[in-house]
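# Fold and geometry: a report
In case you want the letters, here they are:
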Amino acid sequence: VQLQASGGGLVQPGGSQRLSCAASGRFFSIDAMGWYRQAPGKRRELVAAISSDGTTNYVDRVKGRFTISRDNAKNTVYLQMNSLKLDDTAVYYCYADGRLTELTRMRWWGQGTLVTVSS
């Protein structure tokens, strides 16, 4: 299973960016999907997650600015980031929790995409 993330880049403070992450390959099911990020010199943190039924969770610092969504038919998760701040600069990693087989649970990771917020 591969997760292909895209959408990173340079954006000005106050701007918007949309990240996408598509899962491909053979698997039994995909359950929760989400995004972590890691800023330089900091620990990786969970930014947002979405369950298979659409329930969402966000870290407090992005609530009201970021929106996570998914397209189950495309096995794709999105992160719409608005009102970006300098400290949103980080490498963003998508993940998917699922089952490789009916009995084997896995977490798969994307390769990371850099979002730089700078004027």
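Up top you'll find the structure we're talking about.
These lines cover the structure that appears in this document, whether it is placed above or below. Keep in mind it's a predicted model, so treat the numbers as computed, not measured. (Residues numbered from 1 in each chain as written. Predicted model: local features only at pLDDT ≥ 70, side-chain atom pairs only at ≥ 80, totals over all residues. Heavy atoms only, no water.)

## A few points about the sheet that holds strand β1 (residues 2–6)
Definition in use: Strand pairing is defined by DSSP finding a minimum of two bridges between the two strands. Note on conventions: DSSP H or I runs of at least 4 residues are helices, E runs of at least 2 residues are strands, and numbering of each starts at the N terminus. A fitted line through C-alpha atoms represents every axis, and for helices the fit uses only the stretch in contact; the resulting angles, taken between N-to-C directions, go from 0 to 180 degrees.
The strand order β1-β3-β8-β7 describes an open sheet built from 4 strands, whose pairing is antiparallel. Bordering the open sheet on either side are β1 and β7 (66–71), each of which pairs with just one other strand. The average undirected angle you get between the axes of adjacent strands in this sheet is 15 degrees. Note that β7 and strand β8 (residues 76–81) share 6 bridges and pair antiparallel. Bridging from a neighbouring strand, R70 pairs with V77 of β8.

## As for the packing of aromatic side chains
The cut-off we apply is this: Any two of the Phe, Tyr and Trp rings considered here, Trp counted by its six-membered ring, make a pair once their centres fall within 6.5 Å; the pair's planes then place it as stacked at under 30 degrees, edge-to-face at over 60, or tilted in between. Remark: a charge is flagged as sitting over a ring if the NZ atom of Lys or the CZ atom of Arg is within 6 Å of the ring centre and within 35 degrees of the ring normal.
Considering all chains together, one arrives at 4 aromatic pairs under this definition. A centroid spacing of 6.3 Å and a plane angle of 45 degrees characterise the contact between F27 and W108, whose relative ring orientation is tilted. With F27 in the loop between β3 (17–24) and β4 (29–38) and W108 in strand β10 (residues 104–109), the pair connects residues that are 81 residues apart, well separated along the chain. Ring pairs connect the aromatic residues Y36, Y95 and W109, which therefore count as one cluster. It is R44 that lies over the ring of W109; its NZ or CZ is 5.0 Å from the centre.

## Points about the pattern of salt bridges
Spelled out, the test is: Put simply, a salt bridge is a Lys or Arg side-chain nitrogen that is within 4 Å of an Asp or Glu carboxyl oxygen. A simple rule labels every residue: compare its accessible area, found with a 1.4 Å probe on the protein chains alone, to the largest value its type can have, and call it buried under 20%, exposed over 50%, or partly exposed in between.
Applying the stated rule across the entire model yields 7 salt bridges. The closest approach of N and O atoms between R65 and D88, which form a salt bridge, is 2.7 Å. Separated by 23 residues along the polypeptide, R65 in the loop between β6 (56–58) and β7 and D88 in the loop between β8 and β9 (90–101) bring together distant segments of the chain. Of the two residues, R65 and D88, neither departs from the other in class, the shared state being buried.

## Comments concerning the environment of L84
Convention followed: In this analysis, two residues are considered to be in contact whenever any of their non-hydrogen atoms come within 4.5 Å of each other.
Residue position: L84 is located in the loop between β8 and β9. Taking the relative accessible area as the measure of exposure, L84 reaches 2% and is therefore buried. Those residues within four positions of L84 in sequence are excluded, and the remaining contacts are V11, P13, G14, G15, S16, Q17, R65, F66 and V117.

## Considering unusual backbone geometry
We note that N75 has phi near 50 degrees; this positive angle belongs to a residue other than glycine. Locating N75 in the fold gives a position in the loop between β7 and β8. Under the relative-accessibility criterion, N75 is labelled partly exposed at 23%. Even without being glycine, S83 reaches a positive phi, approximately 50 degrees. Looking at the secondary structure, you find S83 in the loop between β8 and β9. Overall, S83 belongs to the partly exposed group, its relative accessible area being 41%.

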